[in-house]
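A structural walkthrough
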Amino acid sequence: MKDMLSPTMEELQKRRLESLRISEKAISEHPDEYREIKALVSKILSKPVEISDYYKTAGKLAGLLEKMVETGPESIFYYYYKNIDPRKSGQARYFRANCLDLHEQLKYVNELRINRRKMRLIQ
């Protein structure tokens, strides 16, 4: 019974790859929102967010993430949408940590996208 509850490493890797694939698709479908997410997360990480601005800032970021989730709830954006949105399970005390983690995931997705692209030199 324990085996049914805990996924194998292979299953986890498969889920991760699927999540990244759907995340890439979301980025290609919503490039403007993706750029806004990156800019907003960088701004949040560059200086402290006043508690009076938390709901406005978190709400804006959650709205952008919600748009990205339209592609599929298996993307990385769904996890952050739930954990950043103050109307869901987002909390002010974890906001910066979630944004930092989101920033790291976005860097990883960008690296993955760059590595998958094949560049050709045309003379």
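Conventions used here
Residues numbered from 1 in each chain as written. Predicted model: local features only at pLDDT ≥ 70, side-chain atom pairs only at ≥ 80, totals over all residues. Heavy atoms only, no water. Axes fitted to C-alpha atoms, helices over the stretch in contact; angles between N-to-C directions. Helix = DSSP H or I, 4+ residues; strand = E, 2+ residues; numbered from the N terminus. Parallel < 35°, antiparallel > 145°, perpendicular 65-115°, else oblique. Left-handed = near helix turned anticlockwise from the far one by under 90°. Contact = heavy atoms within 4.5 Å. Expected span 1.5 Å × (residues − 1). Buried < 20%, exposed > 50% of the residue type's maximum accessible area, 1.4 Å probe, protein only. Arc of directions from axis to C-beta. Salt bridge = Lys/Arg side-chain N within 4 Å of Asp/Glu carboxyl O. pLDDT = per-residue confidence, 0-100.

Describing the packing of helix α4 (residues 51-69) against helix α6 (residues 92-116)
Where α4 meets α6, the closest approach of the two axes is 11 Å, and the angle between their N-to-C directions is 40°. With respect to α6, the element α4 is oriented oblique. Taken as a pair, α4 and α6 cross one another with a handedness that is left-handed. Across the interface between the two elements, I51, Y54, T57, A58, L61 and L65 of α4 pack against A92, F95, C99 and L102 of α6.

Regarding α4
In an α-helix, one turn spans 3.6 residues, which is why side chains three or four residues apart end up on the same side. The terminal C-alpha atoms of α4 lie 26 Å apart, and with 19 residues this matches the ideal 27 Å at 1.5 Å per residue to within 8%. Within the sequence span of α4, burial applies to Y54, T57, A58, L61, A62, L64, L65, M68 and V69. Taken end-on, α4 shows its buried residues confined to a sector of 160°, consistent with a single buried face. Across from the buried face of α4, at angles greater than 90 degrees, the exposed residues are S52, Y55 and K56. The inward-facing, buried residues of α4 contact α2 (9-29), α3 (31-46), α5 (76-84) and α6.

Side note on the pattern of salt bridges
For the coordinates displayed, the defined rule picks out five salt bridges. Note that D32 and R35 form a salt bridge whose closest N and O atoms lie 2.5 Å from each other. With D32 and R35 both in helix α3, this residue pair falls three residues apart, about one helical turn. By relative accessible area, D32 is classed as partly exposed at 47%. Where E104 meets K107, a salt bridge forms, and the shortest distance between an N and an O atom there is 3.4 Å. Of this pair, E104 and K107 both sit in helix α6, separated by three residues, roughly a single helical turn. Assessed through its relative accessible area of 38%, E104 is described here as partly exposed.

Observations concerning α3
Between the first and last C-alpha of α3 there are 23 Å, a value that for 16 residues agrees with the 22 Å anticipated at 1.5 Å per step. Of the surrounding elements, those touching the buried residues of α3 are α2, α4, α5 and α6.

So, the confidence of the model for the protein
Looking at the protein as a whole, its pLDDT mean stands at 88, while 92% of the residues score no less than 70. Across the protein, α3 holds the top mean pLDDT of 95, while helix α1 (residues 2-5) sits lowest at 60.

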